[in-house]
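# Structural overview for review
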Amino acid sequence: MAIRKVGVIGCGLMGHGIAQVAAQGGCEVIVAEENQAFLDKGLERIDKSLAKLSEKAKEKGQTFDAAAVRGRIRGTLAKGELSDCDLIVEAIVENLDVKLVLFAELGKSAKREAIFASNTSSFPIAEMAAASGRPDRFVGLHFFNPVQLMKLVEVVRTDKTNEDVVAQARAFGEACGKTPITCKDTPGFVVNRLLVPYMAEAMKLAERGDASIPDIDVAMKLGCGYPMGPFELTDYVGLDTTLFILQGWARRYPDEAAFRIPKLLAEKVKEGKLGRKTGQGFYTWQGDKRV
Ligand code: 3HC
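Each chain has its residues counted from 1, following the order in which its sequence is written. Reporting in this predicted model follows two pLDDT cut-offs: at least 70 for local features of residues, and 80 or more for side-chain atom pairs to be given and counted; totals over whole chains, interfaces and linings ignore these cut-offs and use all residues. The side-chain values count all of the structure's non-hydrogen atoms but skip hydrogen atoms and water molecules.

Moving on to the site of the ligand. A cutoff of 4 Å decides nearness: a residue is near a molecule or strand if any of its heavy atoms lies inside that distance of it. Around the ligand, a shell composed of 20 residues is seen, among which Ser 49, Lys 56, Ser 121, His 142 and Asn 145 lie nearest. In this structure, a nitrogen atom belonging to the ligand sits 2.7 Å away from a side-chain N or O atom of Ser 49. Two N or O atoms count as a polar contact when they lie within 3.5 Å, although within protein this holds only if one can serve as hydrogen donor and the other as acceptor, and sequence-adjacent residues are included solely when both atoms are side-chain atoms. At 2.8 Å from a nitrogen atom of the ligand is found a main-chain nitrogen or oxygen belonging to Asn 145. For the shell around the ligand, the elements supplying multiple residues, two or more each, are α2 (36-59), α7 (191-207) and α9 (230-237). It is α2 that provides the largest number of residues to the shell around the ligand, a total of four residues. Both domain 1 (5-184) and domain 2 (192-282) contribute no fewer than three residues apiece to the shell around the ligand. Segments assigned H or I by DSSP are reported as helices when at least four residues long, segments assigned E as strands when at least two residues long, and all are numbered from the N terminus. An automatic or database domain assignment supplies the start and end points of every domain.

Given below as structure tokens:
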């Protein structure tokens with residue numbers, strides 16, 4: 001079965017990007033949100049991103065049919081409309097209980113051969129797969145922010161995922177313009193298992209006064225060729241998101257030193273300094289740009 005019709009649940013930071021790249025890959029997409037304001041905001045983000053990509057293509061003398069891509073995306077407030085989708089990707093709030101309820105519902109309403117995927121950054125795929133009642137047709141599909149520009153997708157398999165489902169998920173990732181890698185259902189999969197402890201370690205280094213925050217960022221940008229240093233990247237991802245991931249792991253794996261929560265991170269979140277989205281984190285931001 002080829003994946004032609006894709007349902008995306010959640011049109012926020014990740015969901016709008018997933019809906020967009022799936023449509024860019026030629027799929028018909030229905031994106032579901034809880035209320036009209038969230039849906040409108042997500043669709044507006046898609047329009048802005050498509051306009052930017054058109055502008056870039058024009059500069060390079062290439063064609064990019066933004067109207068055709070946009071024409072393949074439809075928003076809805078009724079999750080039931082996703083019942084005939086070949087693939088349903090969940091990109092809602094990072095709350096395991098809410099995700100479990102959602103997948104239990106989808107398990108009853110979606111067509112029998114549909115594939116289910118979660119874009120979770122830190123929860124066990126196997127728990128959601130079990131709740132859906134169809135663990136053999138369930139994968140993690142972990143995209144990266146900003147979805148439109150980042151070239152990777154992690155395809156996470158559990159020990160119950162059917163091999164054919166893994167192959168179809170990889171093919172879908174490629175159709176979205178991404179390079180898929182396959183990995184097991186372990187905390188943080190590949191990228192976040194390495195990235196989040198790295199960000200936390202950078203904060204511990206700054207807490208000890210070993211180097212300043214800007215110097216640590218410059219060091220990693222120029223010393224390793226990373227596009228952003230660890231603090232700029234934490235601001236970009238969100239301090240609350242980073243803290244939330246670490247808190248979940250720290251609870252599940254209390255003996256793992258790499259998952260200990262830096263004081264600096266907990267304090268900033270308490271002060272409401274969540275990074276780019278609040279205009280203040282480790283740095284000050286104006287819109288998408290660091291001041
Ligand atoms: N759609 C279309 N175009 C976009 C866009 C989007 N969503 N976002 C940015 N752009 C455009 C910008 O408008 C800009 O256009 P311009 O050249 O005309 O001004 C162009 O892309 C380049 O963007 P920027 O000028 O902001 O700067 P950069 O060249 O630094 O590129 C970046 C931005 C790609 C984000 C780069 O800084 C980068 O790769 N940063 C690291 C990001 C990263 O590591 N992401 C992973 C985070 S971890 C994660 O997501 C996992 C989760 O589970 C926590």
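Contact pair α7 / α9: the axes reach a minimum separation of 9 Å and the direction vectors enclose 120°. Comparing the axis directions of α7 and α9 gives the class oblique. Between α7 and α9 lies a crossing whose hand is left-handed. Residues Leu 195, Tyr 198, Met 199, Ala 202, Met 203 and Ala 206 of α7 lie in contact with α9, whose contacting residues are Pro 230, Phe 231, Leu 233, Thr 234 and Val 237. Each residue gets one of three labels, nonpolar for Ala, Val, Leu, Ile, Met, Phe, Trp, Tyr, Cys and Pro, charged for Asp, Glu, Lys and Arg, and polar for the others, Gly among them. Partitioning the contact of α7 with α9 into residue classes produces ten nonpolar, one polar and no charged. Here an axis means a line fitted to C-alpha atoms, over the contact stretch when the element is a helix, while the angle between two N-to-C directions is reported on a 0 to 180 degree scale. Each angle gets one of four labels, with under 35 degrees taken as roughly parallel, over 145 as roughly antiparallel, 65 to 115 as roughly perpendicular, and the rest as oblique. Left-handed describes a crossing in which the near helix is turned anticlockwise from the far one by less than a right angle; the clockwise case is right-handed. We call two residues in contact when some of their heavy atoms are within 4.5 Å.

Turning our eyes to something else, we now look at helix α6 (residues 163-175). Expected helix span is given by 1.5 Å per residue-to-residue step, counting one fewer step than there are residues. Helix length check: α6 (13 residues) gives 18 Å between terminal C-alpha atoms against 18 Å at 1.5 Å per residue, within 8%. Partly exposed describes any residue whose relative accessible area lies between the buried limit of under 20% and the exposed limit of over 50%, with all areas from a 1.4 Å probe on protein chains only and scaled to the type maximum. The complete set of buried residues in α6 reads Val 165, Val 166, Gln 168, Ala 169, Phe 172 and Gly 173. Buried residues along α6 cover an arc of 165° about the axis, so they all sit on one side. Measuring from the backbone nitrogen of Asp 164 back to the side-chain oxygen at the start of α6 gives 2.8 Å, which picks out Asn 162 as the cap. Within two residues after α6, Gly 177 carries a phi angle of roughly 85°, on the positive side. Summarising the geometry, the arc corresponds to the directions from the helix axis toward the C-beta atoms.

Let us now look at the packing of helix α4 (residues 96-109) against helix α5 (residues 125-132). Look at α4 against α5: their axes get within 7 Å of each other, and the N-to-C directions meet at 35°. Note on packing geometry: the crossing formed by α4 with α5 is right-handed. Facing α4, whose interface residues are Leu 96, Lys 99, Leu 100, Phe 103, Ala 104 and Gly 107, α5 presents Glu 127, Met 128, Ala 131 and Ser 132. Looking at the contact of α4 with α5, its residues break down into six nonpolar, two polar and two charged.

Here eight strands make up an open sheet; going across it, the order is β3-β2-β1-β4-β5-β6-β7-β8 and the pairing mixed. A strand with exactly one partner marks an edge of an open sheet, and here the two such strands are β3 (73-76) and β8 (179-184). Sheet twist, expressed as the mean angle between neighbouring strand axes with direction ignored, is 25°. A strand pair is defined by DSSP finding two or more bridges across the two strands. Two strands pair when backbone bridges link them, and strand β6 (residues 138-143) and strand β7 (residues 152-157) are joined in this way by four bridges, in the antiparallel orientation. Bridge assignment links His 142 to a residue of β7, and that residue is Glu 154. Packed onto the sheet, helix α1 (residues 15-24) meets β1 (5-9), β2 (28-32), β3, β4 (87-90) and β6 and runs at close to 170° relative to β2. Contacts from α5 reach β4, β5 (115-118), β6 and β7, with the element oriented near 135° to β6.

Moving on to the pairing of β8. Bridge count for β7 against β8 is six bridges, and the pairing is parallel. Residue pairing in the sheet places Val 156 in a bridge with Cys 183 of β8. We call a crossover right-handed when, viewed with the strands running away from us, the connection from the first strand over the helix to the second turns clockwise. In this fold, the crossover linking β7 to β8 by way of α6 has right-handed handedness.

The rule is short: rings of Phe, Tyr and Trp, with Trp giving its six-membered ring, pair when the centres are within 6.5 Å, and they are stacked under 30 degrees, edge-to-face over 60, tilted in between. Summed over all chains, the structure comprises eight aromatic pairs. Between Trp 249 and Phe 259 the ring centres are 4.8 Å apart and the planes differ by 45°, which places this aromatic pair in the tilted class. With Trp 249 in helix α10 (residues 239-252) and Phe 259 in the loop between α10 and α11 (263-270), this pair connects stretches of sequence that are ten residues apart. On the basis of relative accessibility, which here comes to 2%, the residue Trp 249 falls in the buried class. An aromatic cluster is built from Phe 103, Phe 116 and Phe 138, whose rings are joined through pairwise contacts. For a lysine, the NZ atom is tested; for an arginine, the CZ atom; a charge sits over a ring if that atom is within 6 Å of the ring centre and within 35 degrees of the ring normal. Cation over ring: Arg 276 sits above Tyr 236, and NZ or CZ is 4.0 Å from the ring centre. Positioned over the ring face of Tyr 283 is Arg 290, at 3.6 Å from the centre of the ring.

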